[in-house]
Each structure stands twice: as C-alpha cells, then as structure tokens.
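If you want the building blocks of each chain, they are given just below.
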Amino acid sequence: MSFLLTKEQLMIQKMAREFARKDLAPKAAERDLNHEFPGDSLAKMGELGFMGMLVSEEYGGDNLGTIAYSLALTEIAAACASTAVVMSVHNSICCGSIEKYGSDQQKEEFLKPMATGEIIGAFALTEPEAGSDPQAMACTAEKDGDDYIINGTKRFITTGKNSGVTILLARTEPTGSKGISAFLITHGMDGFEVGRVEDKMGQCASDTTDLLFNNCRVPSSRMLGKEGEGFTIAMSGLDAGRIGIASLSLGIANAAMEESIKYGKQREQFGQKITDFQGLRWMIADMAMDIEAARLMVLNAADIKERGENCTQAASMAKCFASEMAQRVTGTAIQLHGGYGYIKEYPVERFYRDARITTIYEGTNQIQRVVISNEILKDKKKKKK
Ligand SMILES: Cc1cc2nc3c(=O)[nH]c(=O)nc-3n(C[C@H](O)[C@H](O)[C@H](O)COP(=O)(O)OP(=O)(O)OC[C@H]3O[C@@H](n4cnc5c(N)ncnc54)[C@H](O)[C@@H]3O)c2cc1C
C-alpha cells in the first residue's frame with residue numbers, strides 16, 4: 001500500500017483544483033438553486049481531459065489511472081458535487097464498462113466521443129421495484145430477429161436527460177443474474193423517452209430522471225458484452241463507481257472543513273475568535289482525522305483498482321466510510337457556523353445537502369456492508385468446503 005503520489009498525479013490534482021476553483025465554484029450555488037445542468041463546464045472538462053481519464057490512448061483518453069482520477073474527482077466535488085457525480089458515472093461506470101466489454105465498433109462510436117466529453121454517459125440499473133435488489137428488475141429485452149424489443153421503466157438515472165449514451169440493464173431471460181443483459185441506448189430511438197425529472201434535496205444541478213421504454217427496438221449490435229453478461233458488467237462497473245462516490249464524498253468533506261476553518265477564524269464571540277474555544281478546536285481536529293482516514297481508504301481502493309486486483313471489498317469500504325464521514329463532517333461544519341450554517345448564503349448548507357445522497361446511491365451503505373461481509377466471509381465458506 002503506497003500513498004506516495006507521483007509528480008504526474010500531483011500535477012493532475014493541482015490542475016483539477018485550479019479548474020474547479022476558477023470555473024465550478026463560482027457557479028455552483030446558482031446552478032444548484034436553478035437546477036441548471038453544468039453542460040458548459042463539462043465541455044471544458046472534456047477539453048482538459050477529465051472526461052477520459054481512464055480511457056486508453058487508443059480511444060482518445062489519457063489512461064491516467066484510478067489514483068489520478070480519484071484525486072481529480074475529489075477536487076471537482078469540493079467545488080460542485082453535481083458536476084462530480086456526472087463525471088463519476090461517466091468515467092467510472094460508463095467509459096470503464098464500454099472499454100472493457102464493448103465491441104470495436106461500439107468503442108469507435110461511443111467511447112471516443114465520451115473520452116473527449118463530447119457525449120456523456122449514464123447508467124440505468126435501478127427500477128421502481130428494483131433498487132437494492134437489481135435482480136428483481138422487470139425491464140425486458142425480447143429478441144426479435146436481429147433486434148431486441150425493450151419494455152420497462154428505469155428510475156433515478158443520473159444524467160438521464162443529458163446523456164449521449166446510456167448503459168441500460170434489461171432482462172433477456174425471466175429470472176436469474178445470467179438473464180440480464182446490457183445495451184447501449186441513445187436519445188431519439190423510437191419508443192424511448194425521458195420520464196419525470198426528480199426534484200431533489202441536493203446535487204440539484206445534475207438531472208435524475210425516469211427512462212421509459214415502450215417497444216423500443218434496439219439492434220443486437222448495441223448489446224454491450226454478451227447476452228446474459230449484464231449483471232457482471234453492472235457489478236464490475238459499480239466497483240469502480242464506488243471509488244468515484246468515495247472520492248466525491250471526500251471532496252465535499254474537504255470543502256466543508258476548509259469553509260469551517262475560514263469562518264471560524266474570522267467569527268468572534270465572547271471577545272475572541274470562535275476557533276480559540278477548545279470545543280471548536282476539537283471539532284476541527286475530529287473533522288481532520290475523519291477526512292484523513294477516508295482519504296487513505298479511498299487511495300487504497302484506487303491503488304488496488306489501478307494494480308488490476310479485485311477491488312470489490314476496498315471500494316465498498318471506501319464508499320461506505322467516506323460517505324458516512326461526509327455526513328459527520330458537513331454536519332459539524334453547520335454546527336460550527338451556528339445559525340449561519342443553516343442559511344443558503346453559506347456554502348456549508350449546500351455541502352450538507354449534497355453529502356446526504358452519498359450513503360444511498362451506487363448501493364446504499366447497508367448494501368455496502370452486505371458486500372463487505374460477503375467478501376470477508378467468502379474465504380471462510382471456501383475453507384469449509
Ligand atoms: C440522486 C440519485 C441518483 C441516482 N443515480 C442512479 C443512476 O445513475 N443509476 C441507477 O441505476 N440508479 C441510480 N440511483 C438509484 C440508487 O442507486 C438507489 O436509490 C439505491 O440503490 C437504493 O434503492 P432504492 O432507492 O430502491 O431503496 P431500497 O432498495 O428500497 O432500500 C430501502 C431501504 O432498505 C434497505 N435495504 C434494502 N435491502 C437491504 C438488505 N439486503 N439489507 C439491509 N438493508 C437493506 C436500504 O439500505 C434502504 O435503507 C440514484 C438515486 C438517487 C436518489
């Protein structure tokens with residue numbers, strides 16, 4: 001386990017920080033308030049290489065590795081969590097899955113423009129009756145000659161409205177994990193439309209939508225991977241995705257801590273700066289320890305992934321710990337600001353709301369604990385046989 005960052009990783013972190021502070025931070029509050037998709041910022045991020053960080057050079061990416069990606073995502077999230085979640089789903093799950101499972105033609109058609117941020121990816125697994133239990137999905141893909149006919153509804157899809165391509169999971173067999181397949185769907189296909197757009201508590205500048213399929217005809221050439229491989233694709237994508245959400249959570253917490261220090265050093269009560277009260281100094285110390293522990297877990301998971309090893313347990317642990325850390329740290333940040341923390345003028349109010357979803361999406365933290373314990377106990381099961 002090495003946490004020594006290379007010069008290149010530090011340079012990428014710096015570049016992301018500079019971009020995030022200059023371009024994203026000044027617009028974040030207004031975009032959140034107006035539920036405005038950060039399309040122009042994402043386009044700039046594409047030009048700077050942030051949308052193809054994990055894509056190989058052959059397909060127009062920079063192949064910078066998971067550690068550099070995690071560092072950049074943390075910086076983006078510190079400025080605007082809504083932009084960061086779009087970046088995370090796009091890079092970790094969508095680009096990663098298409099690079100790993102896509103045909104040459106799919107990589108040419110989708111991965112190349114994704115790597116430059118020309119189009120953005122979405123990932124559609126959840127349904128109204130299938131959240132934590134994706135195998136309960138009811139969306140079907142029925143074979144019809146050379147095509148598949150898709151019927152069903154997907155729920156809570158990040159970038160559902162603004163995506164250029166969506167990885168859709170649907171049932172090609174009525175039961176079992178091997179009865180699920182993945183398809184690449186684009187807006188404008190007959191029988192596919194965006195349903196309701198959710199009005200959320202936080203991360204309001206990213207769109208979260210229903211996707212509706214009504215006899216949508218999809219050619220077999222749009223199947224990602226083989227028939228029946230969809231569940232494997234989704235689970236492997238989520239391993240990578242959880243490192244993304246952990247990095248995002250870390251970014252929100254970093255920002256909350258920074259704002260708290262800034263505020264605490266200038267606010268005076270009882271004739272002294274509030275950071276001179278020991279009670280508040282200990283709050284800062286607790287925030288810093290919590291953030292540092294999460295940072296090391298996130299880097300560890302990214303390192304394991306970058307080395308090509310199984311990162312399921314490390315990714316779930318990092319996601320679970322970092323997202324719960326972000327709840328604690330943003331809550332403490334509000335407390336430290338007193339009444340001002342509850343007012344929208346102060347960014348910690350947004351950080352608190354933005355952090356809340358991180359324990360829920362890409363698998364709730366209850367599900368992360370199921371994954372972690374299954375990974376730990378799997379060795380014991382093997383020994384018993
Ligand atoms: C803003 C937002 C963005 C999202 N983006 C996407 C996206 O891009 N793509 C996508 O496919 N989905 C997305 N989701 C969906 C998200 O992943 C699901 O909401 C999440 O997996 C939980 O599913 P659910 O909401 O149906 O809750 P449920 O599964 O109904 O869970 C309800 C409660 O039961 C608990 N629970 C369920 N099963 C167990 C168990 N076995 N053990 C212990 N506790 C359990 C859960 O932890 C939770 O507390 C998004 C959701 C939101 C709100």
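Here is what the cut-offs are and how they apply
Residues numbered from 1 in each chain as written. Predicted model: local features only at pLDDT ≥ 70, side-chain atom pairs only at ≥ 80, totals over all residues. Heavy atoms only, no water. Salt bridge = Lys/Arg side-chain N within 4 Å of Asp/Glu carboxyl O. Helix = DSSP H or I, 4+ residues; strand = E, 2+ residues; numbered from the N terminus. Buried < 20%, exposed > 50% of the residue type's maximum accessible area, 1.4 Å probe, protein only. Domains from an automatic or database assignment. Contact = heavy atoms within 4.5 Å. Buried area = accessible area lost by both parts, 1.4 Å probe.

Trainee: Any chance you could explain the pattern of salt bridges here in plain terms?
Mentor: Pairing of side chains with opposite charge becomes possible as their charged atoms draw close. Under the defined criterion, the tally for this structure stands at 27 salt bridges. A salt bridge links Glu75 to Arg17; the shortest N-O distance between them is 3.0 Å. Highlighted residues: Glu75 in helix H3 (residues 66–79) and Arg17 in helix H1 (residues 7–34), separated in sequence by 58 residues. Of the charged contacts in the structure, one is a salt bridge between Lys273 and Glu268, with a shortest N-O distance of 3.5 Å. Overall, Lys273 belongs to the partly exposed group, its relative accessible area being 33%. Among the residues examined, Glu268 registers a relative accessible area of 44% and is labelled partly exposed. The network of salt bridges with common partners includes Asp23, Lys27, Arg31, Glu36, Asp40 and Lys44.

Trainee: Whenever I open this one, unusual backbone geometry confuses me. Can you help?
Mentor: If a residue is not glycine, its phi is most likely negative; likewise, a peptide bond is most likely trans. Although it is not a glycine, Thr159 sits at a positive phi angle of roughly 65°. Tracing the backbone through its elements, the reader meets Thr159 in the loop between strand S3 (147–158) and strand S4 (165–171). A relative accessible area of 0% places Thr159 in the buried class. The backbone of Phe270 shows a phi angle near 55°, a positive value even though the residue is not glycine. If you trace the backbone, Phe270 turns up in the loop between strand S9 (268–269) and strand S10 (272–273).

Trainee: Teacher, can you tell me more about the domain arrangement of the chain here?
Mentor: Interface extent is often summarised as the accessible area lost during association of the parts. Each domain of the chain was delimited in the assignment, giving domain 1 (7–120), domain 2 (122–231) and domain 3 (239–379). Each of domain 2 and domain 3 was reduced to a C-alpha centroid, and the two centroids are 31 Å apart. Contact residues are listed per partner, giving five residues for domain 2 and ten residues for domain 3. Interface area for domain 2 against domain 3, summed over the two sides, is near 520 Å², with a carbon-plus-sulfur share of 52%. The largest contributions to the domain 2 side of the interface with domain 3 come from Ser132, Met201 and Gln203, which together make up 85% of the buried area.

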